[in-house]
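For reference, the chains in residue letters:
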Amino acid sequence: MDTTAPELHTRLLAESLARLWEGIQTNCGKDSSGKAINGGAKPIECPICGDTECVIADRERNIWRPCKCQEVKRQRRILARCGLSEAFRRKTLENYEERNEHAAAMKGMACDYAANTTGGALKSIGFFGQSGIGKTHLSIALANILMQKGIAVLYMPYVEKIKELKDLNRLQSRHDVEDACYDKAIAPLKTVRVLMIDDLFKRSEDRYNQANPADVRIMFEILNDRYLKGLPVIVSSELTLTEIIRIDEAFGGRLIEMCGEYCYEAEKDQRLNYRLKDVLGG
Ligand SMILES: [Zn+2]
């Protein structure tokens, strides 16, 4: 749509200049040996705007409008920012295999969630229990759907992220690092519109089934903050809700309250683990 609004005009121009500058820097990029990266040139994707994402609507009055490629590129930037790889982006509800009754029921719940989720009212959703039935696939498919609706989703691979947060927290409390580095690392997890926690509490228990207190404290800090702000989570965990409550009652209670109707728990049954099917001959 054409517009004469000066703010939009200025913003488009500024964004366009920023992208041009980025492009120049990329195209002029040299590697450590001084050799030009990518042969010195990046192929232009959109022949209409030359990847500046805006086109001139009225040359005489110097009025610009967004190019039709802008929305697609904006979506791609959201996906890249949230840390989802290309393989993850290909996971959809359509290509999710309903291998057993749990998978079919989980997909039904996910489809219902996707259909009833708009930018205005966002709810939490959780998939718990039996491993290898596609909980992560469904979580990622839902994250992709939300991002296509322009809703920012941050992907939190639990095992890696909790280790990073614990390390930073320890260093910060010993004043070994710049002040507030832990606070800076945890902030996006508390403020992003939707947080997707993959494999919650994986490897958090020791051999006596005791959960690591630091893991629980950090996760409660994140979840409680989001609860108070009304910000949802998409959670997958190989633990059942009973196991999560056993780890920490307050945390489990809050999680169940947040997920509400969108909570699926699959009882543990090794025969359903498709990753083990080849090994077990199932
Ligand atoms: Zn374009």
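Counting restarts for each chain: residues are numbered from 1 in the order of the written sequence. Only residues with pLDDT of at least 70 get local features here, since the model is predicted, and only at 80 or more are side-chain atom pairs given and counted; chain-wide, interface and lining totals rely on the full set of residues.

A. Quick look at the sheet that holds strand β5 (residues 194-198). Should DSSP find at least two bridges between two strands, the strands are taken to pair. A run of H or I in DSSP counts as a helix once it spans at least four residues, and a run of E counts as a strand once it spans at least two, with each numbered from the N terminus. One open sheet holds the five strands; their spatial order is β4-β5-β6-β3-β7, and the pairing between them is parallel. Looking at the sheet topology across the chains shown, the edges are occupied by β4 (153-157) and β7 (263-266). Each strand axis lies, on average, 10° off the axis of its neighbour in the sheet, ignoring direction. Examined bridge by bridge, β5 and strand β6 (residues 233-237) share four bridges and lie parallel to one another. Note on geometry: axes are lines fitted to C-alpha atoms, helical ones only across the stretch in contact, with angles between N-to-C directions running from 0 to 180 degrees.

B. Just the packing of helix α7 (residues 181-191) against helix α8 (residues 213-229), in detail. It is the contact of α7 with α8, at a shortest axis distance of 8 Å, that shows an interaxial angle of 40°. In terms of orientation, α7 and α8 fall into the oblique class. At the point where α7 passes α8, the crossing takes the right-handed sense. Contacts from Ile186, Leu189 and Lys190 in α7 reach Ile222, Asp225 and Arg226 in α8. Broken down by class, the residue content of the contact of α7 with α8 amounts to three nonpolar, no polar and three charged. Our angle categories are set so that under 35 degrees counts as roughly parallel, over 145 as roughly antiparallel, 65 to 115 as roughly perpendicular, and the remainder as oblique. With the far helix as reference, a near helix turned anticlockwise by less than a right angle produces a left-handed crossing, and one turned clockwise produces a right-handed crossing. Note on contacts: each residue gets a C-beta atom placed from the backbone, and two residues are in contact if those atoms are within 7 Å. Side-chain classes follow a simple rule in which Ala, Val, Leu, Ile, Met, Phe, Trp, Tyr, Cys and Pro form the nonpolar group, Asp, Glu, Lys and Arg form the charged group, and the remainder, Gly included, forms the polar group.

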